[in-house]
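# Examining the three-dimensional arrangement
Listed here are the chains, written in short residue letters.
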Amino acid sequence: MSTNKMWGGRFEGGPAKIMEEFTPSIGFDQRLAGEDLNGSRAHAKMLAIQGIITRVDLDAILKGLSTIEAEIREGTFEFKRALEDIHLNIESRLAELAGPAAGRLHTARSRNDQVATDFRLWVRAACTRADESLILLQQALLQQATANVTTIMPGFTHMQSAQPVTFAHYCLAYIEMFGRDRTRFADTAKRLNECPLGSAALAGTPYFIDREYTARQLGFARPMRNSLDGVSSRDFALEYLAAATIAATHLSKLAGELVQWCSPGFGFVKLSDAFTTGSSIMPQKRNPDAAELIRGKTGRVLGDFVALATVVKGLVLAYGTDLQEDKERVFDAADALEPSLKVMAGMFADLTVNTARMRALANAGYPTATDLADWLVQNLNMPFRDAHHVTGSIVKRAEELGVDLDHLPLEEMQKIEPAITADVMKVLSVEASVAARMSYGGTAPDRVREQIFFWKEKLK
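Residues numbered from 1 in each chain as written. Predicted model: local features only at pLDDT ≥ 70, side-chain atom pairs only at ≥ 80, totals over all residues. Heavy atoms only, no water.

This part takes up the overall build of the chain. A tally of helices and strands in the chain yields 19 helices and 6 strands. Here the C-alpha radius of gyration of the chain, 31 Å, is well above what a compact globule of 460 residues would show, namely 23 Å. The dimensions of the chain, computed from C-alpha atoms along their principal axes, are 100 × 55 × 40 Å. The burial tally for the chain puts 47% of its 460 residues in the buried class. Expressed as a percentage of contacts within the chain between residues at least 6 apart in sequence, the contacts between residues at least 24 apart total 73%. Carbon together with sulfur atoms contributes 54% to the accessible area of the chain, which is approximately 22,000 Å² in total. In the chain, the 52 positive side-chain charges and the 57 negative ones have mean positions that sit 2 Å from each other. (Helix = DSSP H or I, 4+ residues; strand = E, 2+ residues; numbered from the N terminus. Rg over C-alpha atoms; globule rule 2.2 N^0.38 Å. Buried < 20%, exposed > 50% of the residue type's maximum accessible area, 1.4 Å probe, protein only. Contact = heavy atoms within 4.5 Å. Areas by Shrake-Rupley, 256 points an atom, 1.4 Å probe, with all protein chains shown as cover. Lys, Arg positive; Asp, Glu negative; His and termini not counted. Charge placed at Lys NZ, Arg CZ, Asp CG, Glu CD.)

So, about the packing of helix α11 (residues 235–261) against helix α12 (residues 289–312). Closest axis-to-axis distance for the α11/α12 pair is 8 Å, and the angle between their directions is 160 degrees. By the criterion of interaxial angle, the relationship of α11 to α12 is roughly antiparallel. Viewed along their axes, α11 and α12 form a crossing whose handedness is left-handed. A class-by-class count of the residues in the contact of α11 with α12 yields 17 nonpolar, 5 polar and 3 charged. (Axes fitted to C-alpha atoms, helices over the stretch in contact; angles between N-to-C directions. Parallel < 35°, antiparallel > 145°, perpendicular 65-115°, else oblique. Left-handed = near helix turned anticlockwise from the far one by under 90°. Nonpolar A, V, L, I, M, F, W, Y, C, P; charged D, E, K, R; others polar.)

By the definition in use, this model includes 26 salt bridges. Its salt-bridge partner being Asp326, residue Arg234 comes within 2.6 Å of it at the nearest N-O pair. With a gap of 92 residues between them, Arg234 in the loop between α10 (227–232) and α11 and Asp326 in helix α13 (residues 326–349) connect regions that are remote in the sequence. Its relative accessible area of 4% is what places Arg234 among the buried residues. Classification of Asp326 by relative accessible area gives buried; the value is 0%. Between Asp332 and Arg300 there is a salt bridge, with the nearest N and O atoms lying 2.4 Å from each other. Linking Asp332 in helix α13 with Arg300 in helix α12, this pair joins segments that are 32 residues apart in sequence. Several salt bridges share partner residues, and in doing so they unite Arg397, Glu400, Glu412 and Lys415 into one network. (Salt bridge = Lys/Arg side-chain N within 4 Å of Asp/Glu carboxyl O.)

In structure tokens, the structure reads:
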């Protein structure tokens with residue numbers, strides 16, 4: 001068994017056969033090829049500027065890297081498992097293309113700072129992709145909000161009818177949630193935007209390198225200040241996974257509600273053919289598979305966060321091969337989150353709202369009881385707890401008669417509280433209830449229109 005030549009002369013024999021199967025990461029870290037090539041270009045240019053390699057060597061290296069990039073793009077590059085990872089695969093092919101000059105590229109760097117740099121570049125781009133997809137979803141929600149400013153639906157607490165709201169108000173609630181998700185990805189991208197390249201294995205390098213230059217070349221704000229931290233920190237990956245987990249939970253909430261709402265029991269919305277499937281045995285079925293899959297993928301994203309947190313929690317400085325486990329977790333979470341965001345945006349954009357059904361169920365469960373209590377407080381100067389008790393008695397009487405509050409005869413109310421006047425009827429309809437919620441952030445159509453205008457401007 002031959003020694004891996006990339007390791008140098010320390011080893012006389014090769015790894016055990018099972019190690020050849022156990023340790024390679026090329027099966028997944030080949031996704032870092034673009035980042036690795038860009039990092040090598042920046043490093044090579046810096047070495048030439050600093051006089052560490054010649055201009056002739058630089059030209060040979062850059063030409064070879066461009067050839068490798070084209071081969072990867074065209075699908076002709078051979079990823080070799082025996083070479084373990086993306087870094088050694090590229091370095092080996094570069095040696096074939098550029099000759100001895102390729103061996104100078106690894107001057108003043110290690111695979112430790114190389115992979116840390118590549119991974120930060122990849123996660124930074126993943127934050128941008130997540131933000132773009134979140135914008136699409138916010139726009140889809142805003143489209144439905146704009147069309148449903150006066151569409152009344154039941155608002156729930158404990159899954160019981162609570163107070164009426166508008167569907168636009170509901171959509172805006174998710175726009176706010178996904179807006180916060182965007183800030184979390186933005187914060188992650190801002191904090192990770194420091195360059196580890198030049199940290200070398202763990203202690204820095206004796207070569208007179210220019211880390212500010214390589215940082216700028218790769219779009220980082222600055223080099224990382226500590227070489228030990230540079231090669232070992234993965235909190236940026238944990239931050240990405242945390243942001244992804246929270247975004248996925250928001251998606252899961254929305255998906256779960258769509259699953260309920262498109263069922264016959266609710267009938268609030270109809271999902272289009274593009275995002276539903278049929279049954280192999282029941283021809284009447286329209287299954288919300290897309291929403292259910294989105295809801296299910298949340299567990300994967302959360303699992304990825306927990307898995308990586310468990311990996312890094314006990315690691316000592318600086319680098320350990322345990323960190324090879326970081327990339328699969330982040331890749332998996334991104335692969336679950338990014339399409340989920342896009343599918344949800346498409347599904348929500350073209351769903352059909354059943355406004356009549358929403359309005360009919362908005363009246364169920366005496367949702368204007370709080371309005372009645374508030375009227376007693378405001379018009380009869382009654383303490384709220386007393387008003388709460390009186391209202392409960394009135395609701396009970398309405399239940400006995402099988403009518404809604406706005407159809408309960410005034411004389412029935414007056415049997416419970418004689419001071420009630422006919423003016424109370426003005427607040428007992430769901431339309432009146434919604435219109436009365438004029439506090440900032442409330443569901444009143446005028447307030448909702450203000451928030452729609454705000455988000456239209458923000459999402460331009």
